[in-house]
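# Understanding the architecture of this molecule
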Amino acid sequence: MQIPSLVYANKKGEIFDHPELKMSMRSAEYDFMPYEAELIPLPSCSRLYFMPHTNAVGFDLAKGGFTALDDAHAVSVFLPPAYLRLFLPSYKRISNDIMPLYAYTAVGWLNDSFVVPAIKVDNDSHWHPDLYDYSDKFKVKVEFYLNKYPKNRLYKQLAHCALTYHCTAAKNVFYPRWECPMPTSPACNSRCVGCISLQESECCPSPQVRMDFMPTAEEIAEVACNHAAYAEKPLISFGQGCEGDPVMAADVIAAAVRLIRKDFPKLTINFNSNCSLPDQVAKVLDAGVDSIRVSLNSTIEATYNAYYRPRGYSFANVEASIAAANERGVYVALNLLTMPGITDRKSECDALIDFMSRHKIELIQTRNLNIDAELLYSAIKLAKDELMGLKNMLRTVKKAHKDVKFGYFNRMKDDFFIERGLPDLKVKKFKK
Ligand code: SF4
Ligand code: SF4
């Protein structure tokens with residue numbers, strides 16, 4: 001078996017492959033060497049970056065042990081959408097500073113190429129950067145809408161998301177095409193340890209500033225109906241991840257959905273949420289959404305609570321919302337926030353399989369949780385358990401629930417039940 005070389009960065013942030021040390025990876029508190037079966041060539045559109053508060057750790061074949069490089073930083077990768085990270089980089093922490101909210105992923109060097117422990121879980125390519133304009137020219141498209149709908153605050157918010165955060169979903173609104181996000185809620189009743197739209201002071205910086213108003217049903221319907229009328233393959237999604245949670249805006253969303261449905265009965269409308277308030281979720285379901293996507297990091301209540309830190313609801317309420325969707329025949333997806341060393345524990349895998357026996361789950365969207373892994377491990381404080389590896393865990397879930405699909409993106413109704421051909425759970429061999 002060929003073992004990739006360690007990839008590290010010098011103090012200037014320049015990245016090298018090490019002439020002697022081998023790549024190592026981490027899950028929970030364990031460092032280990034990669035097996036080829038876990039590695040794929042670095043996907044295009046990935047980005048390498050060094051981890052400033054760390055020293056790189058590699059495996060010394062001569063000494064037969066892991067060793068840290070005093071003058072070198074660990075290197076990580078931003079994977080593009082649709083890829084599931086399987087293992088973290090190995091590193092030695094050299095400061096107590098909390099690391100930014102990124103999905104840290106190991107990387108090595110093999111046969112003149114970078115390799116990463118990851119699998120592709122969705123073959124939708126609408127996310128690809130080549131399909132988006134990041135230049136100032138895009139402002140022309142945005143200004144067309146702002147001039148035409150000067151009173152609509154939702155268009156102003158989406159313009160900010162598209163031009164300041166370069167959110168690709170927000171850009172779709174102005175092309176117009178595909179999935180249209182509907183940020184609606186400035187509030188949330190969870191306090192996720194890794195919330196990307198709001199962080200308590202003294203913690204990790206959050207990359208987005210949460211919106212500070214709730215649009216009216218009429219503002220929402222105006223954006224949605226324009227999208228339905230003019231966009232290629234339109235899909236409307238409430239709650240795309242960096243606002244509050246739309247469950248807190250359920251009344252206004254239900255009213256908006258009713259308005260949209262008058263003119264566009266066939267438009268796919270999706271509701272992404274923590275689904276923590278079953279009565280509120282029922283209002284949205286009854287108004288006519290086609291699908292809900294329920295965000296969770298675990299189906300074990302203690303693990304869920306340690307990350308979501310719910311305020312005024314319990315995990316049983318999340319289950320009640322899913323039951324309400326199942327009763328109404330609404331499509332249910334999970335937004336499973338994954339972390340190696342937590343999601344792939346045997347107890348987590350067993351709990352997810354049981355959960356899916358209680359509730360009809362059609363699709364599992366796997367997300368790489370953006371967080372400093374040690375912050376998360378210390379928040380959750382788990383007893384020792386068998387680690388299956390995420391790939392093996394997905395395989396086990398699929399074996400128990402053969403109809404479930406895996407993916408990364410929300411789907412139009414027509415695509416609800418298709419396999420997107422992935423994930424590839426087979427063992428891969430590298431050419432020599
Ligand atoms: S549910 Fe979403 S908005 Fe609410 S705290 Fe968690 S990540 Fe943040
Ligand atoms: S709130 Fe976040 S996900 Fe939604 S449109 Fe804005 S930047 Fe994009």
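Residues numbered from 1 in each chain as written. Chains lettered and ligands numbered in written order. Predicted model: local features only at pLDDT ≥ 70, side-chain atom pairs only at ≥ 80, totals over all residues. Heavy atoms only, no water.

It is worth spelling out the packing of aromatic side chains at this point. Per the counting criterion, the structure on display carries 26 aromatic pairs. An angle of 85° between the planes, with centres 5.0 Å apart, marks the rings of Phe32 and Phe87 as edge-to-face. In this pair, Phe32 is assigned in strand S4 (residues 30–32) and Phe87 in the loop between strand S10 (83–85) and strand S11 (88–89), connecting sequence segments 55 residues apart. In this structure Phe87 comes out as buried when scored by relative accessible area, which is 7%. Ring centres of Tyr331 and Phe417 lie 5.5 Å apart, and the angle between their planes is 80°; this geometry places the pair in the edge-to-face category. (Phe/Tyr/Trp six-rings, centres within 6.5 Å; stacked < 30°, edge-to-face > 60°. Helix = DSSP H or I, 4+ residues; strand = E, 2+ residues; numbered from the N terminus. Buried < 20%, exposed > 50% of the residue type's maximum accessible area, 1.4 Å probe, protein only.)

A separate point is unusual backbone geometry. Residue Tyr175 is joined to Pro176 through a cis peptide bond whose omega torsion reads -20°. Looking at the secondary structure, you find Pro176 in the loop between helix H3 (168–174) and strand S15 (177–182). Positive phi, close to 50°, is recorded for Ala28, a residue that is not glycine. Note on placement: Ala28 falls in the loop between strand S3 (25–27) and S4. Positive phi, normally seen in glycine, also occurs at Cys275, with a value near 50°. Residue placement: Cys275 occurs in the loop between strand S17 (268–273) and helix H6 (278–287). We classify Cys275 as buried; its relative accessible area is 0%.

Across the sheet, which stays open at both edges, the three strands sit in the order S4-S3-S11 with antiparallel pairing between neighbours. The open sheet terminates on both sides in strands that have one partner only, identified here as S4 and S11. Alignment of S3 against S4, held across three bridges, turns out to be antiparallel. For Met25, the partnering residue across the bridge sits in S4 and is Phe32. (Pairing = 2+ DSSP bridges.)

Burial analysis of strand S9 (residues 73–78) places five of its six residues in the buried class, the great majority of the element. With two bridges connecting them, strand S1 (residues 5–9) and S9 associate as antiparallel partners. Bridge pairing in S9 links Tyr8 to Ala74. Pairing analysis gives five bridges linking strand S6 (residues 47–51) to S9, with the strands arranged antiparallel. Bridging from a neighbouring strand, Arg47 pairs with Phe78 of S9.

Turning to the nonpolar core, a few remarks are in order. Generally speaking, soluble globular proteins have nonpolar side chains that are buried together. Core analysis: the biggest nonpolar cluster contains 103 residues, and Phe174 and Ile292 have the highest contact counts within it. Here Phe174 is in contact with Phe138, Lys141, Val142, Tyr145, Tyr155, Leu158, Ala159 and Ala162, once residues within four sequence places are set aside. Formed by twelve residues, the second largest nonpolar core is a distinct cluster that contains Leu6, Met51, Ala56 and Ala72. (Core = buried A, V, L, I, M, F, W, Y, C linked by side-chain atoms within 4.5 Å. Contact = heavy atoms within 4.5 Å.)

Under the domain assignment used here, the chain contains domain 1 (5–120) and domain 2 (131–415). The straight-line distance from the C-alpha centre of domain 1 to that of domain 2 is 29 Å. Contacts between the two partners involve 26 residues from domain 1, matched on the other side by 30 residues from domain 2. Across the domain 1/domain 2 interface, buried area totals approximately 2,300 Å², and carbon plus sulfur atoms make up 62% of it. Inspection of the domain 1/domain 2 interface yields three salt bridges. Note that Glu374 is salt-bridged to Arg93, the shortest N-O span being 2.6 Å. At the boundary of domain 1 with domain 2, the tally comes to 13 residue pairs in polar contact (both at pLDDT 80 or more). (Domains from an automatic or database assignment. Buried area = accessible area lost by both parts, 1.4 Å probe. Salt bridge = Lys/Arg side-chain N within 4 Å of Asp/Glu carboxyl O. Polar contact = N/O pair within 3.5 Å; in protein donor to acceptor, adjacent residues only side chain to side chain.)

This structure, assessed with the given rule, holds 15 salt bridges. A salt bridge links Asp290 to Arg261, with the nearest nitrogen and oxygen atoms 2.8 Å apart. Here Asp290, found in the loop between H6 and strand S18 (291–296), pairs with Arg261, found in helix H5 (residues 250–263); they are 29 residues apart in sequence, far enough to count as distant. Grouping residues by exposure puts Asp290 and Arg261 together as buried.

Let us now look at the packing of helix H1 (residues 138–148) against helix H2 (residues 153–163). Orientation of H1 relative to H2, taken along the N-to-C sense of each, is 175°, at an axis distance of 10 Å. Between H1 and H2, the angle falls in the class roughly antiparallel. In this structure, H1 contributes Phe138, Lys139, Val142, Tyr145 and Leu146 to the contact, and H2 contributes Tyr155, Lys156, Ala159, Ala162 and Leu163. Its residues assigned to classes, the contact of H1 with H2 comprises eight nonpolar, no polar and two charged. (Axes fitted to C-alpha atoms, helices over the stretch in contact; angles between N-to-C directions. Parallel < 35°, antiparallel > 145°, perpendicular 65-115°, else oblique. Nonpolar A, V, L, I, M, F, W, Y, C, P; charged D, E, K, R; others polar.)

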